[in-house]
Amino acid sequence: MKISLVNLPWRSFGREGVRAGSRWPHLKARSEKEYLPFPFFLAYAAALLKKNGFNARLIDAIASGLSYRRFSRRMRSSRPDILVCETSTVTLKHDLRVLKGLGSKAEIILCGPDVNIRRPDFLRENGFIKYVLSGEYEFTLLELLQHLDEGRGLDEVKGIIYRSNGGVKINPARPLVDLDRLPWPLREGLPMSRYNDAPGDIPIPSVQMMASRGCPFRCKFCLWPQVMYQGSHYRARSVVDVVDEMEYLVRNSGYRSVYFDDDTFNCGKERMLGLCAEIKKRGLNIFWAIMARADLMDEEILVNMKEAGLFAVKYGVESADNSLLDNINKGMSLEKTEAVIKMTRALGIKTHLTFTLGLPGETRQTIKKTVDFALKADPESLQFSLATPFPGTEFYREMKENGRIISADWARYDGSRSSALAYDDLSAGELERAMRSAYRRWAMHRLKRARFDRLGLKAYCRYSLVNSINSNGIVMTAYKVSRFAFRYALMHVREALVSSPRKIENIAREKGLKLGRMSLVPDGRGLSLFWGGLKLTRGRGFYSFLNFEGADNGSDGALKWDTQRPDAGSIILRRLYDGAGIEEIWKITALDEKQIGWDVDIEIKKETGVRQEDIGLALTRKYRKWIEEWGEGRFPPLNDYREVELRNARSAVVGVRGRRALRNTLPTVLLDLSAGNNGFLPSVGNSAEGHHGRLLGVRLARGARVRRYAAGRHRLLSARIKIVEEDFAKGGRR
């Protein structure tokens, strides 16, 4: 028996769809770029069939980029006996048309998060469909195929709908499965590089995992818990099995990050702490991201997650109005959510926030309130979607009873382009326009946040111009361009007044150091480097990551600095690590107008060990090349956080250099370690700490797991930072 499990192709007007693995099947917008979820149910089912001796293969036509014609040819050439297809509410009509057009002799089994296929009339109306599986279907499919293979009756197979004695029989639902009984999902033979869900631009290649299923909360609109998991049930895999899978994927398949696509990852504090401890115990040294509920987080969980490699978190906020959250049974405190988002960002963990427009009780005022909240929260990325009443959910039942549903065309239920709802004061069209307006405000906010970075501005203008001409014509586009130019000029003037070179110089003279064109400005979180008014550093600028045994390490941004200025030529920064009586001390000394000395000391009251020592500068991403004693090279893409492999791993000098186009404004920055490296090696790469930029610093040699320090004061680093102005036109330096 040959079995093919398929995720059918789905394209429309040049847009690619996402179906299997998505809680929100839809046609992707251009802004979603390479986003593609992993088809977990299909992959788990395929792995379970293979484990039990069946000849099964998984074909993901969307991930493989198969056209309808190529997919049809592949089905005709493979000639499966059983064809298992996962569908969805949005794609049901489309999928039935594709399956019918195949003309396959295979017995077709339909499954997925849609209740329309579970109606008795569905099999009567679609004679080419043989069986329907309801809910999570891995063991249902296995048992069905075992009965068919052995010629047994189907009365005992729970969770199936089939034809029997001239009618349609619906068997009882299957109890929810123990997740530890499932093998790891099938990944072999799939185009794994195409699956991409990377909140916060986690390092690539990245792989998606699932550590739990379901959610104990009762949000009315949530699809999978109500349609796939029979309500608010929560099940988690064993911590050891989850970390075993992580370790296998990292060490054997070369993935550099993991995204956990759970409904609610962070249920159970003890489980979270146990997972973090297991990851740290194995020394996986991998970044990971999660989908979580903000009000289940606290500082202890976040700090432990950060130490275990947590890189980014998706938080579902939905609305900034508490009454709307109550209307959908969210049961979440907006005040705590806001505090947790701030805490997450303060720890250097990137955030992705999701919001839903059009919830019961929505008004123009609550929409504005939600968008204002989103911009104020300033996440790394966000998502706005339209509230969608999927059949089978409490939200659908309530909206139907209240007469709010305006369309029975399931293709409109995608939440990204069209609204299936309308309210007394808000039409479907107004909700759709509100979402587009929210995204426009977010785009402007990102531009302002990036200070109109040249590349970002070009990309934004290119996409906006093409889309506007296609949608609105040349005249309206010209009007929009002129309006945008006016706003940009106004914003530029405002920023110039707030962050003028003269103001920076005054702050440097008062609190930091001013050396010719060079300015050093402390701000309590770190130290920023300016050159003639241009900020060369990014984020916290000068940084150190020191992980002491027995100390409350927090994070580089959570521990505040106290600044002293003993004289006009030096500043001293101090911070205390609670719990261990350890003080970190920086001394910055002016050597000349283009050179400063940087000494990093620690003062310890009793012997302790340090598990991590990374010290350096986070510099603007405008720098494109790195330099060392034996040559130079180009930085990798900003979301590739691998450390650059220097030609001379023990180079005494490393640096960064900008593009020729910036030769008049962006100087070369060198880090000179010739005074003594104290066991450190030079380190160059991209920043992964909440701000895209270039890192220039030092780290412990590989294999130096823990370094012991006796009580007393110890010098960790003594370095010089040099500014070199380069004249590319003449090929020299000055």
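Participant: Is there a simple way to think about the packing of aromatic side chains in this case?
Facilitator: Each aromatic ring pair is specified by the distance between its two centres and by the angle formed by the two planes. Under the defined criterion, the tally for this structure stands at 20 aromatic pairs. With a centroid separation of 6.0 Å and 45 degrees between ring planes, the pair formed by F41 and Y137 is classed as tilted. Here the residue F41 occupies a position in helix α1 (residues 40-51), and Y137 occupies one in the loop between β8 (129-133) and α5 (138-150), the gap between them amounting to 96 residues. Three or more aromatic residues joined by ring pairs make a cluster, and in this case those are F38, F40, Y44 and Y195. Directly above the aromatic system of Y44 lies the positively charged group of R213, at a separation of 5.3 Å from the ring centroid. Over the face of the ring belonging to F217 we find R293, whose NZ or CZ atom lies 3.7 Å from the ring centre.

Participant: What should I look at first to understand unusual backbone geometry in this one?
Facilitator: Across the chain, the bulk of peptide bonds are trans and the bulk of non-glycine residues have phi less than zero. The step from I204 to P205 runs through a cis peptide bond, and the omega angle for that step is 0 degrees. Residue placement: P205 occurs in the loop between β10 (167-170) and β11 (206-209). Even without glycine at this site, N285 takes up a positive phi of about 55 degrees. The residue N285 is located in the loop between α8 (269-282) and β15 (287-292) in this model. Exposure remark for N285: the relative accessible area of 77% places this residue in the exposed category.

Participant: In this structure, what is going on with the sheet that holds strand β5 (residues 55-60)? I would like to understand it.
Facilitator: For sheets, the rule is that strands pair by backbone hydrogen bonds, running either parallel or antiparallel. An order of β5-β1-β6-β7-β8-β9-β10 is seen for the 7 strands of this open sheet, with the pairing classed as mixed. With partners counted over all chains shown, the strands left at the sheet margins are β5 and β10, one partner each. Shown here is a sheet whose adjacent strand axes are inclined to one another by a mean of 25 degrees, direction ignored. Sheet topology note: the strand β9 (residues 160-164)/β10 ladder contains 4 bridges and is antiparallel. Residue pairing for β10: R163 is matched across the bridge by V168. Against the sheet, helix α2 (residues 68-78) touches β1 (2-7), β5 and β6 (82-86), its axis set at about 170 degrees to β5.

Participant: Please clarify how the nonpolar core should be interpreted in this entry.
Facilitator: As a rule of thumb, soluble globular proteins bury nonpolar side chains together. Counting 126 residues, the largest nonpolar core has L5, F260, W288, I290, M305 and Y315 as the members making the most contacts within it. The greatest single-element share of this core, amounting to 10 residues, is contributed by α1. Ignoring any residue separated from it by four or fewer positions in sequence, one finds W288 in contact with M246, V258, F260, F265, C276, I279, M305, A308, G309, L310, F311 and A312. Counting residues in hydrophobic clusters, the runner-up holds 48 residues, among them W561, I604, L617 and V698.

The rules we used
- Residues numbered from 1 in each chain as written.
- Predicted model: local features only at pLDDT ≥ 70, side-chain atom pairs only at ≥ 80, totals over all residues.
- Heavy atoms only, no water.
- Phe/Tyr/Trp six-rings, centres within 6.5 Å; stacked < 30°, edge-to-face > 60°.
- Helix = DSSP H or I, 4+ residues; strand = E, 2+ residues; numbered from the N terminus.
- Lys NZ or Arg CZ within 6 Å of the ring centre and 35° of its normal.
- Buried < 20%, exposed > 50% of the residue type's maximum accessible area, 1.4 Å probe, protein only.
- Pairing = 2+ DSSP bridges.
- Axes fitted to C-alpha atoms, helices over the stretch in contact; angles between N-to-C directions.
- Contact = heavy atoms within 4.5 Å.
- Core = buried A, V, L, I, M, F, W, Y, C linked by side-chain atoms within 4.5 Å.

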